[in-house]
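Summary of structural features
Listed below are the residues making up each chain.
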Amino acid sequence: MASLDKEISYSNLKDLLAKGSGLLVDVRTKDEVDRGHIPGSIHIPVENIESDMSLDAAEFQSKFGVVKPSLDSSELVFHCQMGKRGALATEKARNLGFKNARNYAGGYKEWSEKGGK
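Residues numbered from 1 in each chain as written. Predicted model: local features only at pLDDT ≥ 70, side-chain atom pairs only at ≥ 80, totals over all residues. Heavy atoms only, no water.

For the rest of this paragraph, the subject is the sheet that holds strand β1 (residues 23-26). Reading across the sheet, the 4 strands line up as β2-β1-β3-β4 and stay open at both edges, with parallel pairing between neighbours. Each edge of the open sheet carries a strand with a single partner, namely β2 (42-43) and β4 (102-103). Examined bridge by bridge, β1 and strand β3 (residues 76-79) share 4 bridges and lie parallel to one another. The residue of β3 that forms the bridge with Leu24 is Val77. On top of the sheet, helix α5 (residues 84-95) reaches β3 and β4; it is set at about 145° to β3, its chief contact. (Pairing = 2+ DSSP bridges. Helix = DSSP H or I, 4+ residues; strand = E, 2+ residues; numbered from the N terminus. Contact = heavy atoms within 4.5 Å. Axes fitted to C-alpha atoms, helices over the stretch in contact; angles between N-to-C directions.)

So, in structure tokens, the structure goes:
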């Protein structure tokens, strides 16, 4: 069972995105992302988390067009469709040293059901 410090709620994610801060990483497949995604998220499939989150800052920015979060960033959030792959990605990131990485366990399913607004 995931601990609460490893998860972020829908309302907290909305607030984070409204501030324009943080990095939201969609870990679903390309086909899933092509059918819809949370605005502002970047796509890194769950199987690529270790390699892509290990890129140096310049390579990361070149590949994804955003600044790579610091290891102590409290605004690094992963999500999938309903939470399982997001939790796996969060654990992978934490194992790489991103000690405050969190999972949006509601995933794209909750986001789309609530209108994402």
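Membership of the largest hydrophobic core comes to 18 residues, with the highest contact counts inside it found for Val25, Val27, Ile44, Ile49, Phe60, Leu76 and Phe78. If you list the elements that add at least two residues to this core, you get β1, α3 (49-53), α4 (57-64), β3 and α5. Apart from the residues within four sequence positions on either side, Val25 is in contact with Ile42, Ile44, Ile49, Leu76, Val77, Phe78 and His79. Grouped together as the second largest cluster of nonpolar side chains are 10 residues, Tyr10, Leu13, Leu16 and Tyr104 included. (Core = buried A, V, L, I, M, F, W, Y, C linked by side-chain atoms within 4.5 Å. Buried < 20%, exposed > 50% of the residue type's maximum accessible area, 1.4 Å probe, protein only.)

Turning next to the environment of Ile44. Structurally, Ile44 is set in the loop between β2 and α3. Accessibility expressed as a relative area gives 0% for Ile44, which makes it buried. Each C-alpha atom, one on Ile44 and one on Lys30, is 8.9 Å from the other, the two residues being 14 residues apart in sequence.

So far we have only geometry, and geometry alone does not tell us how the molecule works.
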